[in-house]
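A look at the structure
So you can see what is in the structure, the chains are spelled out below.
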Amino acid sequence: MADGLFTVDAQGRFVAAIAGDPFGSLAPGDETVGQPCHLLEGPNCKGFATLAAMLQSETPPPQGICNQECKLLAKDGRELFIHGNVRTILDDNGQVAGAVGTFSDVTTLLEANQRIALLEEQTRQRGSLDRLVGHGQAMQEVFRRIRLAADSDVTVFISGESGTGKELAARAVHQLSDRRDAPFIAVNCSAIPETLLESELFGHVRGAFTGAVRDKVGMFQAADGGTLFLDEIGDLSPLLQLKLLRVLQEREVQRVGDDQPRAVNVRLVTATNRDLKQLIADGNFREDFYYRIHVFEIAMPPLRDRREDLPLLVEHFISEFSAGRNTPVTGIARDAMQKMMSYSWPGNVRELRNAIEHAFVTVAGETITLLDLPPELREVARPSAAPPNSTTAASPSHRQALPEGQLTDSQQVERDEIIKALEATNGNRTAAARQLGTSRVTLWKKLKRYGLSEQFR
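The structure contained in this document is the topic of the report that follows. (Residues numbered from 1 in each chain as written. Predicted model: local features only at pLDDT ≥ 70, side-chain atom pairs only at ≥ 80, totals over all residues. Heavy atoms only, no water.)

1. What to know about the overall build of the protein chain
Helices and strands together make up the secondary structure of the protein chain, namely 17 helices and 19 strands. Counting every position in the protein chain, which comprises 457 residues, the buried fraction comes to 42%. Within the protein chain, residue pairs in contact and separated by at least 24 positions form 62% of the contacts whose partners lie at least 6 positions apart. Accessible surface for the protein chain amounts to roughly 24,500 Å². Of this, 49% is attributable to carbon and sulfur atoms. (Helix = DSSP H or I, 4+ residues; strand = E, 2+ residues; numbered from the N terminus. Buried < 20%, exposed > 50% of the residue type's maximum accessible area, 1.4 Å probe, protein only. Contact = heavy atoms within 4.5 Å. Areas by Shrake-Rupley, 256 points an atom, 1.4 Å probe, with all protein chains shown as cover.)

Below is the structure:
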């Protein structure tokens with residue numbers, strides 16, 4: 001027999017036991033007859049508590065069958081996963097006389113299930129990359145370009161609105177690259193005063209300026225062998241742009257107050273939410289520096305253009321906060337989810353994360369309700385339809401356009417951004433869509449929605 005078989009009396013003592021090949025080193029032998037049965041009992045077993053307790057119970061288990069799963073060590077040291085079945089035997093008076101049981105080695109099956117679960121998890125994680133989450137077409141394109149960037153040592157430029165996850169994308173490029181074991185250092189160029197930024201980036205020697213009491217290693221040297229991420233690169237002064245351009249060309253830095261250049265091996269990733277081409281046109285950004293950093297672009301889409309990812313993102317943040325705060329929140333109410341789907345998310349994924357964090361402060365049960373969302377999200381109004389006799393309603397091309405006076409604040413901001421992009425590109429919709437980080441079809445729909453189709457034909 002491939003399975004083990006045993007019988008016990010009413011007190012749970014072995015009467016007989018036989019086993020096939022897999023259990024030769026595990027199954028009880030003749031020397032155990034009369035001994036208490038502990039085969040399917042112990043801290044690593046789940047099912048019935050003890051065989052003796054089951055036999056002494058006044059109420060027999062349903063259909064007389066009990067199932068038990070155990071993790072046991074065989075005599076030869078192997079770890080075995082056992083599935084056992086026990087059926088009680090009644091005498092002529094209906095009293096429990098004992099039990100007969102079988103146990104099967106399911107180790108191979110369990111290990112196969114674990115491998116399947118791992119493959120399923122890897123498949124599920126195709127909807128995420130590092131901490132980036134999304135299964136829509138827009139994010140799949142982002143994931144594709146991140147992997148392409150990671151496979152080379154090219155300088156990467158990440159564009160996108162604030163809150164779209166530009167730093168997460170930069171970290172993902174680093175983690176997937178050959179530099180993953182070296183440092184990843186992120187610097188927000190707009191958060192450091194310009195007078196200190198040069199010292200932060202390149203370092204300084206003692207006495208280089210007032211307050212320089214000791215030598216300091218700059219960010220480039222600290223990130224040697226790894227990746228340096230410069231966020232808000234559009235806020236750099238032309239002078240610092242020139243110095244960075246030299247670093248990229250020469251692959252060496254010169255500390256403030258030092259005349260000795262030092263070689264560095266750093267992969268540079270930059271990001272901004274500003275229109276660098278417009279800054280170039282305005283004379284605020286060097287064109288040669290732009291082309292040096294704009295080698296391979298990863299455009300992060302705004303959340304309003306990938307609403308299909310909202311449920312996945314909400315689930316992700318609920319899991320994150322549930323684990324971090326030990327709060328058993330399992331989901332979100334339908335009306336709350338509908339409100340989120342209709343919101344324009346001007347702050348993008350960062351705003352969504354903050355909204356879920358806000359909900360965790362007020363949630364009273366296992367489900368986030370509409371009342372748990374931030375007030376600005378709950379109170380967002382759906383724009384009213386234009387009056388039937390209005391000029392907008394009379395025009396077939398504008399029949400569903402939203403009157404400007406009835407736009408929400410976030411919609412007005414989006415409308416102004418579209419106008420600005422189209423004016424900057426002389427009405428070129430393809431170029432404007434690229435500048436806005438969206439598709440041409442999405443831009444066309446929004447032009448109709450905001451009544452701008454005729455203005456920018």
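From this point, things continue past the structure.
2. Observations concerning the packing of helix 10 (residues 310–325) against helix 11 (residues 334–342)
Look at helix 10 against helix 11: their axes get within 10 Å of each other, and the N-to-C directions meet at 120°. Taken together, the axes of helix 10 and helix 11 lie oblique to each other. You can see that helix 10 and helix 11 cross each other, and the crossing is right-handed. Every residue of helix 11 that contacts helix 10 at Leu-310, Pro-311 and Val-314 is listed here: Met-337, Met-340 and Met-341. The residue inventory of the contact of helix 10 with helix 11, partitioned by class, reads 6 nonpolar, no polar and no charged. (Axes fitted to C-alpha atoms, helices over the stretch in contact; angles between N-to-C directions. Parallel < 35°, antiparallel > 145°, perpendicular 65-115°, else oblique. Left-handed = near helix turned anticlockwise from the far one by under 90°. Nonpolar A, V, L, I, M, F, W, Y, C, P; charged D, E, K, R; others polar.)

3. Overview of unusual backbone geometry
Here the phi dihedral of Arg-251 falls at roughly 60°; this positive angle occurs in a residue that is not glycine. Inspection of the secondary structure puts Arg-251 in the loop between helix 7 (238–250) and strand 14 (252–253). Residue Arg-251 is classed as partly exposed on the basis of its relative accessible area, which comes to 39%. Non-glycine residue Asn-348 carries a positive phi angle of around 60°. With respect to the element layout, Asn-348 can be found in helix 12 (residues 348–362). Under the relative-accessibility criterion, Asn-348 is labelled buried at 0%.

4. Focus on the side chain of Ser-159
Mapping Ser-159 onto the fold places it in strand 9 (residues 156–159). Classification of Ser-159 by relative accessible area gives buried; the value is 15%. Side chain to side chain, Ser-159 and Glu-297 meet in a polar contact 2.6 Å long. Leaving out residues up to four positions away in the same chain, Ser-159 has contacts with Lys-166, Thr-272, Glu-297, Ile-298, Ala-299 and Met-300. (Polar contact = N/O pair within 3.5 Å; in protein donor to acceptor, adjacent residues only side chain to side chain.)

5. Let's talk about the packing of aromatic side chains
This structure, assessed with the given rule, holds 7 aromatic pairs. Aromatic pair Phe-184 and Phe-229: ring centres 6.4 Å apart, planes at 20°, arrangement stacked. Of this pair, Phe-184 sits in strand 10 (residues 184–188) while Phe-229 sits in strand 13 (residues 227–231); the two residues are 45 residues apart in sequence, bridging distant segments of the chain. Phe-229 carries the same exposure label as Phe-184, and that label is buried. Lying across the ring of Phe-296, Arg-145 places its NZ or CZ 4.2 Å from the centre. (Phe/Tyr/Trp six-rings, centres within 6.5 Å; stacked < 30°, edge-to-face > 60°. Lys NZ or Arg CZ within 6 Å of the ring centre and 35° of its normal.)

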